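# Close look at the chain arrangement
The residues making up each chain are set out below.
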Amino acid sequence: MDDFTGVILDKLDELGIAGDTIVVWASDNGSDPTYRFPAIDPDPAGGQWHGFSGPWRGGLFTALEGSNRTPCLVRWPGKVPAGRVSNELVHQVDFFTTLIKAGGGAVPGDRQIDGMDMSGFLLGDAEESGRDVILCLQGNRLQAAKWHQWKVHLFTQDDFYSTWVPNNMPLLYNLEWDPREEHQVDFPHGWVIHPIAAAAGAFLRTLVTEPPVKPGTPDPYLPPGPGELLPQTHLQIGPIMQYITTLVRSHDELPDPAHGIEHQSG
């Protein structure tokens, strides 16, 4: 991996465009817990291997920090301060907005954009990223959410191969005290649920305003107009948000007045 990275950086120098090129080096997920077949029988290597997530627990395809936290380096000579290290929250979707603006482009204004512009943070003009919430989804299932150093799990899933299990009550962790998410602190810190629930609700409302584009949708894609949305509610088990709304395009039926969002109380 180091060698391939060097080949790319050397080529940028050779072409004389290193100063005009933003290089983002990052992983798409945490460590890989994949099992491998034994090379021989018996296999002295043990027949399996696991990636290492450092102080965090979990690997890819879970909502644990070992899956969500990934290394990320950004290089833009003369623009991004060299050697700067930060533990601020940045989501992968933020690069869409940030790189478009860094390249002088305009972010589309005719559709919902989830990414935040991190230009000020990456260029060193701001110490904080401006993002305080990360939502952890598996498919269309909101599995966990992080707000600052707090993490709420609506479902329990310890690794890639285990089945997710809904929690009767949300499990709350403080990642500064407990980076491995092993000791829940629900009481007396239940107040944390409220800002997390508000952030989750705001995101889910955007899915009602503009549904996710289904695989196979032809380009160019046009967002649906008024009267083209048909809400369909799918029950999820979890006390913060028990309903997730998906939508299909229809020219024959008007949207539900409640927009498919329901709130569970009590």
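Above this text you will find the structure in question.
Residues numbered from 1 in each chain as written. Predicted model: local features only at pLDDT ≥ 70, side-chain atom pairs only at ≥ 80, totals over all residues. Heavy atoms only, no water.

### Thoughts on the nonpolar core
Operational definition: Definition of nonpolar core: a set of buried residues of the types Ala, Val, Leu, Ile, Met, Phe, Trp, Tyr and Cys, connected through side-chain atoms within 4.5 Å. Any residue under 20% of the maximum accessible area for its type is buried, any over 50% is exposed, and the rest in between are partly exposed; the area is computed with a 1.4 Å probe on protein chains only. Helix numbers and strand numbers start at the N terminus; a helix is a DSSP run of H or I with at least 4 residues, a strand a run of E with at least 2. Note on contacts: a residue pair qualifies if any of its non-hydrogen atoms lie within 4.5 Å across the two residues.
Of all hydrophobic cores here, the largest spans 15 residues; its most connected members are L135, W147, W150, V152, L172, V192 and I196. Broken down by secondary-structure element, the contributors of at least two residues to this core are β3 (133–138), β4 (141–147), β5 (150–156) and α5 (193–209). In terms of residues, this core owes the most to one element, β5, which gives 4 residues. When near neighbours in sequence (up to four residues on either side) are disregarded, W150 contacts A145, L172, Y173, N174, W177, V185, H189, W191 and V192.

### Overview of helix α1 (residues 2–15)
The criterion, for reference: One less than the residue count of a helix, multiplied by 1.5 Å, gives the span that helix is expected to have.
For α1, with 14 residues, the first-to-last C-alpha span of 20 Å sits near the 20 Å given by 1.5 Å per residue. Of all 14 residues that make up α1, 1 are buried, and the element is exposed over most of its length. Two residues or fewer after α1 comes G16, characterised by a positive phi angle close to 75°.

### Focus: the environment of L175
Looking at the element boundaries, L175 is found in the loop between β6 (165–174) and α5. Separated by 119 residues in sequence, L175 and W56 place their C-alpha atoms 9.4 Å apart. Those residues in contact with L175 that sit more than four places away from it in its chain are E65, K146, Q149, K151 and E181.

### Observations concerning unusual backbone geometry
At the junction of D219 and P220, the peptide bond is cis and its omega measures out at -5° in the coordinates. Note on placement: P220 falls in the loop between α5 and β7 (229–235). Located in the positive-phi region is H148, a residue other than glycine, with phi close to 55°. With respect to the helices and strands, H148 occurs in the loop between β4 and β5.

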